[in-house]
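# Examining the three-dimensional arrangement
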4 protein chains.
Amino acid sequence: MPIDLTPEPEAAELARRTAAFVREVVIPVEEEYGGSLARAGEEIRTHLQSAAKDAGLFAPHVGRGLDMRGQAAVFEEAGYSLFGPLALNIAAPDEGNMHLLERIGTLEQRDRYLRPLAAGEVRSCFAMTEPAPGAGSDPAALRTKARRGPDGGWVIDGRKWFITGADGAAFALCMARTSGEPGDRDGATLFVVEADNPGMKLIRHIDTLDESLFGGHCELVFEGCVVPEDAVLGEVDQGFAAAQVRLGPARMTHCMRWLGIARRARDIAVAHVAAREGFGSRLAELGMVQQMIADNEIDIAAARGLILQACWELDQGRSAAQSTSIAKTFTAEAVWRVVDRALQMCGALGVSGDVLLGRFLREVRPFRIYDGPSETHRWAIAKRVVREAGT
Amino acid sequence: MPIDLTPEPEAAELARRTAAFVREVVIPVEEEYGGSLARAGEEIRTHLQSAAKDAGLFAPHVGRGLDMRGQAAVFEEAGYSLFGPLALNIAAPDEGNMHLLERIGTLEQRDRYLRPLAAGEVRSCFAMTEPAPGAGSDPAALRTKARRGPDGGWVIDGRKWFITGADGAAFALCMARTSGEPGDRDGATLFVVEADNPGMKLIRHIDTLDESLFGGHCELVFEGCVVPEDAVLGEVDQGFAAAQVRLGPARMTHCMRWLGIARRARDIAVAHVAAREGFGSRLAELGMVQQMIADNEIDIAAARGLILQACWELDQGRSAAQSTSIAKTFTAEAVWRVVDRALQMCGALGVSGDVLLGRFLREVRPFRIYDGPSETHRWAIAKRVVREAGT
Amino acid sequence: MPIDLTPEPEAAELARRTAAFVREVVIPVEEEYGGSLARAGEEIRTHLQSAAKDAGLFAPHVGRGLDMRGQAAVFEEAGYSLFGPLALNIAAPDEGNMHLLERIGTLEQRDRYLRPLAAGEVRSCFAMTEPAPGAGSDPAALRTKARRGPDGGWVIDGRKWFITGADGAAFALCMARTSGEPGDRDGATLFVVEADNPGMKLIRHIDTLDESLFGGHCELVFEGCVVPEDAVLGEVDQGFAAAQVRLGPARMTHCMRWLGIARRARDIAVAHVAAREGFGSRLAELGMVQQMIADNEIDIAAARGLILQACWELDQGRSAAQSTSIAKTFTAEAVWRVVDRALQMCGALGVSGDVLLGRFLREVRPFRIYDGPSETHRWAIAKRVVREAGT
Amino acid sequence: MPIDLTPEPEAAELARRTAAFVREVVIPVEEEYGGSLARAGEEIRTHLQSAAKDAGLFAPHVGRGLDMRGQAAVFEEAGYSLFGPLALNIAAPDEGNMHLLERIGTLEQRDRYLRPLAAGEVRSCFAMTEPAPGAGSDPAALRTKARRGPDGGWVIDGRKWFITGADGAAFALCMARTSGEPGDRDGATLFVVEADNPGMKLIRHIDTLDESLFGGHCELVFEGCVVPEDAVLGEVDQGFAAAQVRLGPARMTHCMRWLGIARRARDIAVAHVAAREGFGSRLAELGMVQQMIADNEIDIAAARGLILQACWELDQGRSAAQSTSIAKTFTAEAVWRVVDRALQMCGALGVSGDVLLGRFLREVRPFRIYDGPSETHRWAIAKRVVREAGT
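Quick look at the structure, then.

Rules of the game
Residues numbered from 1 in each chain as written. Chains lettered and ligands numbered in written order. Predicted model: local features only at pLDDT ≥ 70, side-chain atom pairs only at ≥ 80, totals over all residues. Heavy atoms only, no water. Helix = DSSP H or I, 4+ residues; strand = E, 2+ residues; numbered from the N terminus. Rg over C-alpha atoms; globule rule 2.2 N^0.38 Å. Buried < 20%, exposed > 50% of the residue type's maximum accessible area, 1.4 Å probe, protein only. Contact = heavy atoms within 4.5 Å. Areas by Shrake-Rupley, 256 points an atom, 1.4 Å probe, with all protein chains shown as cover. Buried area = accessible area lost by both parts, 1.4 Å probe. Salt bridge = Lys/Arg side-chain N within 4 Å of Asp/Glu carboxyl O. Nonpolar A, V, L, I, M, F, W, Y, C, P; charged D, E, K, R; others polar. Least-squares fit on C-alpha atoms with pLDDT ≥ 70 in both. Lys, Arg positive; Asp, Glu negative; His and termini not counted. Polar contact = N/O pair within 3.5 Å; in protein donor to acceptor, adjacent residues only side chain to side chain. Phe/Tyr/Trp six-rings, centres within 6.5 Å; stacked < 30°, edge-to-face > 60°. Lys NZ or Arg CZ within 6 Å of the ring centre and 35° of its normal. Core = buried A, V, L, I, M, F, W, Y, C linked by side-chain atoms within 4.5 Å. Pairing = 2+ DSSP bridges.

Attention shifts here to the overall build of chain A. Per the secondary structure count, chain A includes 12 helices and 10 strands. Its C-alpha atoms give chain A a radius of gyration of 21 Å, near enough to 21 Å, the size a compact globule of 391 residues would have. Projecting the C-alpha coordinates of chain A onto the three principal axes gives extents of approximately 80 × 55 × 45 Å. Relative to its full complement of 391 residues, chain A shows a buried share of 66%. Of the contacts made within chain A by residues no fewer than 6 positions apart, 74% connect residues no fewer than 24 positions apart. When the accessible surface of chain A is totalled, it reaches about 13500 Å², and 51% of it is carbon and sulfur.

Let's shift gears to the environment of serine 352 of chain A. Along the chain, the position of serine 352 of chain A falls in the loop between α10 (347-351) and α11 (357-364). Its relative accessible area of 2% is what places serine 352 of chain A among the buried residues. Remark: the alpha-carbon pair of serine 352 of chain A and alanine 40 of chain A, spanning 312 residues in sequence, is separated by 20 Å. Filtering out sequence-adjacent residues up to four positions away, serine 352 of chain A remains in contact with Phe162, Ile206, Asp207 and Thr208 of chain C.

Listed as interface residues are 41 residues of chain D and, on the opposing side, 41 residues of chain C. Between chain D and chain C lies a buried interface of about 4000 Å² when both sides are counted; carbon and sulfur atoms form 73% of it. When the buried area of chain D at its contact with chain C is split by residue, Ile3, Leu5 and Ile298 of chain D rank highest and sum to 17% of it. On inspection of chain D and its partner chain C, the count reaches two salt bridges. Between arginine 378 of chain C and aspartate 295 of chain D there is a salt bridge; the shortest N-O distance is 2.6 Å.

We now examine the interface of chain B and chain A. Counting from both sides, the interface comprises 41 residues of chain B and, opposite them, 41 residues of chain A. A combined buried area of about 4000 Å² lies between chain B and chain A, and 73% of that area is made up of carbon and sulfur atoms. It is Ile3, Leu5 and Ile298 of chain B that lose the most area in chain B upon contact with chain A, and together they represent 18% of the buried surface on that side. Where chain B touches chain A, the interface holds two salt bridges. Elements that contribute at least two residues to the side of chain B that touches chain A include exactly α7 (239-275), α8 (287-315), α9 (321-345) and α12 (374-388) of chain B. Top element by residues in the side of chain B that touches chain A is α8 of chain B. It accounts for 13 residues. Grouping the constituent residues of the side of chain B that touches chain A by class yields 25 nonpolar, seven polar and nine charged.

Here we take up the relation of the copies chain D and chain C. With an RMSD of 0.0 Å, the fit of chain D onto chain C corresponds to turning through 180° and sliding 0.0 Å along the axis. The transformation relating the two chain copies, once decomposed into turn and shift, fits a two-fold axis. Of the residues that chain D buries at the interface, 100% are likewise interface residues in chain C, meaning the two copies contact each other through the same surface.

This next bit is on the side chain of aspartate 94 of chain B. Residue and element names in this part refer to chain B. Mapped onto the elements of the fold, aspartate 94 is located in helix α5 (residues 94-104). No salt bridge is formed by the buried aspartate 94, whose closest oppositely charged neighbour, arginine 123, lies at an N-O distance of 5.3 Å. Looking at aspartate 94, its side chain comes within polar contact range of the side chain of serine 124, at 2.5 Å. Ignoring any residue separated from it by four or fewer positions in sequence, one finds aspartate 94 in contact with Asn89, Leu117, Arg123 and Ser124.

Let's shift gears to the relation of the copies chain B and chain A. The operation relating chain B to chain A is a screw motion whose rotation component is 180°, with 0.0 Å of axial translation and a residual RMSD of 0.0 Å. Mapped onto chain A, 100% of the interface residues of chain B again fall at the interface, so both copies present the same surface.

Looking now at the side chain of arginine 251 of chain B. Residues and elements named next belong to chain B. Of note, arginine 251 is situated in helix α7. Although arginine 251 is buried, it forms no salt bridge, and the closest oppositely charged side chain is aspartate 371 at an N-O distance of 5.3 Å. There is a polar contact of 3.2 Å between the side chain of arginine 251 and the side chain of threonine 324. Not counting the four nearest positions on each side in its chain, arginine 251 is found in contact with Ala321, Thr324, Ser325, Lys328, Phe367, Asp371 and His377.

Per the counting criterion, the structure on display carries 24 aromatic pairs over all chains. When the ring of tryptophan 336 of chain A is compared with that of tryptophan 336 of chain C, the centres are 5.6 Å apart and the planes differ by 10°; the resulting orientation is stacked. Residue tryptophan 336 of chain A is found in helix α9 (residues 321-345), and its partner tryptophan 336 of chain C is found in helix α9 (residues 321-345); the two belong to separate chains. The exposure classification of tryptophan 336 of chain A matches that of tryptophan 336 of chain C, with both residues buried. Site record: aromatic cluster; members linked through ring pairs are Trp258, Phe367 and Tyr370 of chain A. Residue placement shows lysine 328 of chain C over the ring face of phenylalanine 367 of chain C; its charged tip is 4.7 Å from the ring centre.

For the rest of this paragraph, the subject is the nonpolar core. Judged by nonpolar contacts, the single largest core of 366 residues is most densely connected at Phe83 of chain A, Phe83 of chain B, Phe83 and Met252 of chain C together with Phe83 of chain D. Beyond its immediate sequence surroundings of up to four residues, phenylalanine 83 of chain A is in contact with Val26, Val29, Glu30, Tyr33, Gly35, Ser36, Leu37, Ala40, Ile44 and Leu48 of chain A.

Residues and elements named next belong to chain D. Most of strand β3 (residues 154-164) is tucked away: nine of the 11 residues are buried. Strand direction decides the pairing type here: strand β2 (residues 145-148) and β3, joined by four bridges, are antiparallel. Note that in β3 the partner of arginine 147 across the bridge is valine 155. Between the end of β2 and the start of β3, which pair antiparallel, lie five residues, with glycine 152 showing a positive phi angle near 90°. Here β3 runs beside strand β7 (residues 217-227); their pairing, made up of eight bridges, is antiparallel.

Taken as a whole and assessed by the stated rule, the structure comprises 132 salt bridges over all chains. Taking the shortest distance from any N to any O, the salt bridge between arginine 282 of chain A and glutamate 285 of chain A comes out at 3.1 Å. Note on arginine 282 of chain A: relative accessible area 21%, which makes it partly exposed. On the basis of relative accessibility, which here comes to 41%, the residue glutamate 285 of chain A falls in the partly exposed class. For glutamate 30 of chain C, the salt bridge is made with arginine 264 of chain C, and the minimal N-O distance between the two is 2.7 Å. Here glutamate 30 of chain C is found in helix α1 (residues 9-32), whereas its partner arginine 264 of chain C is found in helix α7 (residues 239-275), with 234 residues between them in sequence. Just as glutamate 30 of chain C is buried, arginine 264 of chain C falls in that class too. One connected set of salt bridges, linked through shared partners, spans Glu76, Glu77, Arg263 and Arg304 of chain A.

It is worth spelling out the environment of glycine 136 of chain D at this point. Mapped onto the elements of the fold, glycine 136 of chain D is located in the loop between β1 (124-127) and β2. Residue classification places glycine 136 of chain D among the partly exposed residues on the basis of a relative accessible area of 31%. Expressed as a C-alpha distance, the spacing of glycine 136 of chain D and glycine 372 of chain D, which sit 236 residues apart in the sequence, is 8.7 Å. Among residues more than four places away in sequence, those in contact with glycine 136 of chain D are Arg276 of chain B together with Glu130 of chain D.

All names here are of chain C. Along helix α6 (residues 107-118), the positions that sit buried rather than exposed are Gln109, Tyr113, Leu114, Pro116, Leu117 and Ala118. Contact partners of the buried residues in α6: α5 (94-104), β1 (124-127), β4 (171-177), β5 (188-194) and β8 (232-233). Glycine 120 lies just past α6 and shows a positive phi near 80°.

Of the consecutive residues alanine 92 of chain A and proline 93 of chain A, the connecting peptide bond is found in the cis state with omega at 0°. Relative to the assigned elements, proline 93 of chain A resides in the loop between α4 (84-88) and α5 (94-104). Phi is positive for alanine 59 of chain A, close to 45°, though the residue is something other than glycine. Here alanine 59 of chain A shows up in the loop between α2 (42-54) and α3 (68-78). At asparagine 89 of chain D, a position not held by glycine, the phi torsion is positive, near 60°. Structurally, asparagine 89 of chain D is set in the loop between α4 (84-88) and α5 (94-104).

Written out as structure tokens, the structure is:
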């Protein structure tokens, strides 16, 4: 049977309905808040999620058998608005955390944490990144430690930052070193730490270029943070492997969502240049504008192809380490270029709040850094190529 | 049924056997001639094509039901050597001409021209491009004219250049204007002109940067060139539409073949940097080299994804005008970047004839121009986007 | 006498003192306000300008015989902080307005408007850009009209936007059409409109990506705005020529200031990668980081060379249209690349408010659009090249 | 005194006369040989050099007090043709060798080697680069050894490749290790080896992408090559320092010459697009073409500015290591981009031998590798930046 790129009808239908919902319900709210979830509060989350539930679109990745290829179609449509993923409860970091809990959580952990998360009753965060000299691009530098507590549990000490969504999260998934030293490539364990644990403190909101991830980017301190034995998610000392379970798919769902924003930026810009005159013709007929239009098309199509390849591999149960790195690196840079060109095409209007392109530019910039900076992915890609070359 | 990227087993097997054949039989010959078919002669063509016949790999696109997706796998492997497409009889322009004759030729034309062409008994050329101010990037500028002859046939007058493979071709497919004026977007007709027609003269071989298309790039003059009525291929005045039949798929088979060369360049460079030391480490471990390795991977993967998308659309019977333009533009530029980086990674060795990278650089450069320059494709892509935006 | 790049001692000394002042006095204030002048108020302006007066650095471009080459050195140092140009009273749009008033103002206009402006007693704005379909990248589209008033003066009607610094400005220099129709390349006149004129209304602050130009980017409406005859700055119908007097030098002073920010971004990033470890070495020793460091050096050096060339031509009294377009286009894009790379080098820290790189990215982005988008400059550059080629 | 970019009248006049000579005398010969000096022989060199002597333009860098800034103007004009530098006797490697001999040669060495070289009576080569694992981008890897000979002289053993101009050279300047081991950053010595020395053998001409350096790129073997004590150029063990004397200025003279070719490519392309029609207008009026025209202008202007900066530093007697690395890296890449765009602007004509753009592309490609690959320069630039940052 030949290669078949025909989208699965159920996924295609879900994507179409998501697209309509985003345009009709989500975008008006997003525009009212200038695209900043930092300005919107809990009531907006509730409002949007209720609407998604009413529309039968809430948490589309849960319980419908939607594989990664199907998610690619749906998440891209959700990502057409900065507020879309939150509305559907498929925003980072919750979406990745759900995936992880589903894959490696115990029955009890899934009941206690996954169920309410999937229902939108609570939010969560993933506490891995540390300020220098801790775990940044290089996870092995992990310095947060967990030692055995007096009565069978664990005591966590350390500092985490850029913990997305931490403010208001019901629990954190915290990576801590249970053996070895900073620099070692294993010895990490994942713990669930509940928000009311007095040993986990939110120190500050980090002011960042982007503002559309709900709950902000926070700095957390763990000081003598006692957790019970069953707070371990997965196996002791297997935290990095667990993170990998989360990272491959999470990398792709990020790409899907941001590809949605790239398409939105493209559409805004095309509408603008198609309508406006200058230098004696429609802007859309000027060669340099046409070049930007075409380059946007090419970037979007190429990113979509790479995402699809990686998703297909993930759906086969493969690690897809190379193809997700390739897709992530290209997409993060392509999305950035598309938004940048779209803004340029709109001229002064593009840098104004009258369109959301400046906001999009701020939101997509960090994606070239988080989930692995482009440089780290290129390093990893090259290592694999040379290794496979058998030399 | 979900999207499926699993290659069809038959095509995959054919690709594997093609790969082995190219490495074992074709590359030694290619290297002996420094990658220049201009230096090799008819006996090399015969030798390679015999070997391909013996290996059961000759003309894989004929009579095996290989669709475009299957061709993508096989042609990329054939393209791994500059001499591979000729060996398999899938080189430009013959491969595209076979496709065209099969699609729009009469029974008689197919018997007279397609059969020996597919068998490798003869070669052909496609005479469309004209020197300024005639048909170049803009086919509508066509100036070669065909007027009704005295006894029912046609008389062609005009000048063509960059006619690939013209020297030694048994016949030319010649585009001439049968109605309208230069600048009109219709009124062209395709004619088959046989090599012994005294009205068609080969004026010169054009010295070009590339040298790996057999039969060279030639300049032809048509002077009072009389052809019979049944020399018309397709319909009178429908030549541009006929060319479109050829162009979409031909654009993609070009991409497949050149993607093969990109992979070859990549492999040469990776082997080099994996083996060589410098600045206190293996070159392959230097960050700037790793960046080039990774960017090559990304470019190759993205090009392959875009080609696959376009091929799938063509196989659905769609025009695929947008997706083939996108795939062609990206691939032509990506292949160029890959070869350029590979050469850079090899340093002085890279510009020497001791490896074929300098040759590859020369061969792939024109692909950003022929089959539509990148600028023309971008213009067309943008026009379609704006049109579809409904404005 | 050979070409001499030795900086003039007086300018060099002034640049050195400016650099020290910016580091010691200005940067602490800038960092306190996160680099946003939108968050700082009039008292900050007063404070900084007083400090600059005390340091003998206020309005260095006035009355010291500092030519454009000298300004290049001093303004770059002032631009090392987003708040530096305001402190020295050499920020846009006042600095360009001073230049214009000095060159084409009458004695009376210079006394009434230039003197207090140069003293920092008042601010001003330049009201040229209009919302579509008015004057944007293409000034000839100018729609704001001025007709003869009942008693010898003029009556202005129209709408302007992106009028930098308008809020709080003591007067606006307003471009209005006194003859011809939108699309005509002449017929414009410059008027001085004082802030208390009831016919000029500030409609809104436009929310923009950048926030470091004092007084914001505003939208103004002129409705039956009556001005006296002596409100004409320069000659009637010669407004575009007058704007040119302002534009060439203003283009360069923009470049100088933004080059300062590029250097600041570079310094922040170099300090970061020199201090931080990762992947088993200092970040500064990783090849991909070294590539970014080097590309920043190259971009900064090339921009400085182009600015110097243009300044030297301006100082010769030449129009320098081509060299200022080249310098502006390259510098705007180079500065953007430098800030973007610097941010990337700092990773997550780079997108946080803990360093000002995200702020810088927002501030420099619009410079690829204002003072002529890169596309408009490229169009103009190409036109001149083709014209000079005599064809 | 302010910075002054006015060219020195004598240098400007020499540049003007050189430009005229190149257009009238040199280009016709260059075009006849398709730009390939590999196809031209000694009689062409003699013919062109005689003509240059007659025109009073021969060896302009000798005996006229032309500093580097002056050379920049003259060499760029000479470089406007691939054959220009040979005609004026300022081609690589002779020009750099003359500079080196003048700076560090003994009186006797200057009389014996420099005098006839400057007169065009003989040619020379510089034998430094070795095949892997010897000295390539990293000179410290030097493996060719010189040991003390039986009677006071030296015996050289080793292998060199890419030795430009070796075939027909009267002598080679050969770098050999007199102490230490491969990898050590000192211990090298420069020797003059005369062509008739039986211990120095020309093994082969290396087939390379470029063909316009007279005498080709050769591989040499030194086997028991005995040279007398006074064959040492400069000091024993100080060879790398001596090479530095040569490298800085040689790097810049390369840039000057290749900038000439970039301008030539630009001129050919502008003339083409100004004359040719397509898509309903002159090609020169299409936006994407205008973008290429403008980017060429920008690249050429920026390269010229960086070269000037480096030359001025060299003329001050400074090492100029950073500024020559910056200028070399940018110019090599800019020249490549300019030629590539020029070729693209000419379409099919551009890849044909009917214009020399394909030839230029082949000639300029290696410049991104020789005289230090771009990657090596970037590495060195970054090291210096970090070092100067004091961290």
